[in-house]
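The lines below spell out each chain.
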Amino acid sequence: MNLPFIADKTFKNKDYTTTALPKGEYDNCTFINCDFSESYLAMISFLECEFIDCNLSLTKTKNTAFKDAIFNNCKLLGLPFHDCNPFLFSVRFNNCTLNLASFYNLKIKATTFKGCKLEQTDFTNTDLTASLFDDCDFHQAIFDNAILEKVDFTTSKNISFNPENNRLKGAKFSKENALGLLSHYNIDII
């Protein structure tokens, strides 16, 4: 099935909760203040697209393609990134709320997260090699069997996971947030 090709367009103040975004291949498009919450983006491709001040909470993403997509000041609560098309999957997040999102089993090496809330976000089996988490909040985030080699966590907070269940070679932590790596040992640090 050939989908329409839409390039270099700006979509502003659109509500896709009542009228769905037409299926297609969106290339170098910008979405500003659009509401996609609880909508279906299945089988849509976003190549080098930027989302600014958008709400994508609980959006269905079965086989959605995000290739070099940028999210700025977006709300992405409970977004199942694990359902997206993994081929060339590449994203970047600036000042986004990604609480309860899932990156389960994705390879997202060298991904940048700046100023993001990642509370209860699932990174199980995720390959985050050489990623940057700059000033992010990880309250109750899940890291299990994740590849966190060369990941920079130095300016983030509320990091708490079992280091024995993740690959950490070369990962960077501040002294303060490194204490969260000891929390599973049930010891008192004074």
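Below is a short write-up of the structure. (Residues numbered from 1 in each chain as written. Predicted model: local features only at pLDDT ≥ 70, side-chain atom pairs only at ≥ 80, totals over all residues. Heavy atoms only, no water.)

1. Quick notes on unusual backbone geometry
Worth spelling out the cut-off: A run of DSSP states H or I qualifies as a helix once it reaches four residues; a run of E qualifies as a strand once it reaches two. Both are numbered from the N-terminal end. Using a 1.4 Å probe on the protein chains alone, a residue whose accessible area is under 20% of its type maximum counts as buried, one over 50% counts as exposed, and one in between counts as partly exposed.
Positioned with a positive phi, Leu100 is a non-glycine residue whose angle comes to about 65 degrees. You can see Leu100 is positioned in the loop between β9 (91-94) and β10 (112-114). Leu100 sits in the exposed class, given a relative accessible area of 51%. A positive phi angle, close to 60 degrees, is found at Gln120, a residue other than glycine. The topology assignment puts Gln120 in the loop between β10 and β11 (132-134). Its relative accessible area of 38% is what places Gln120 among the partly exposed residues.

2. Quick notes on the side chain of Asp127
The criterion, for reference: Between N or O atoms, a polar contact is any pair within 3.5 Å; within protein, one atom must be a potential hydrogen donor and the other a potential acceptor, and residues adjacent in sequence are included only when both atoms are from side chains. By definition, residues are in contact when any of their heavy atoms lie within 4.5 Å.
By the secondary structure assignment, Asp127 is in the loop between β10 and β11. According to the relative accessible area criterion, Asp127 is buried, its value standing at 8%. Within polar-contact distance, the side chain of Asp127 engages the side chain of Thr129 at 2.6 Å. If we skip the residues at most four places from it in the chain, Asp127 touches Leu106, Lys107, Ile108, Lys109 and Ile147.

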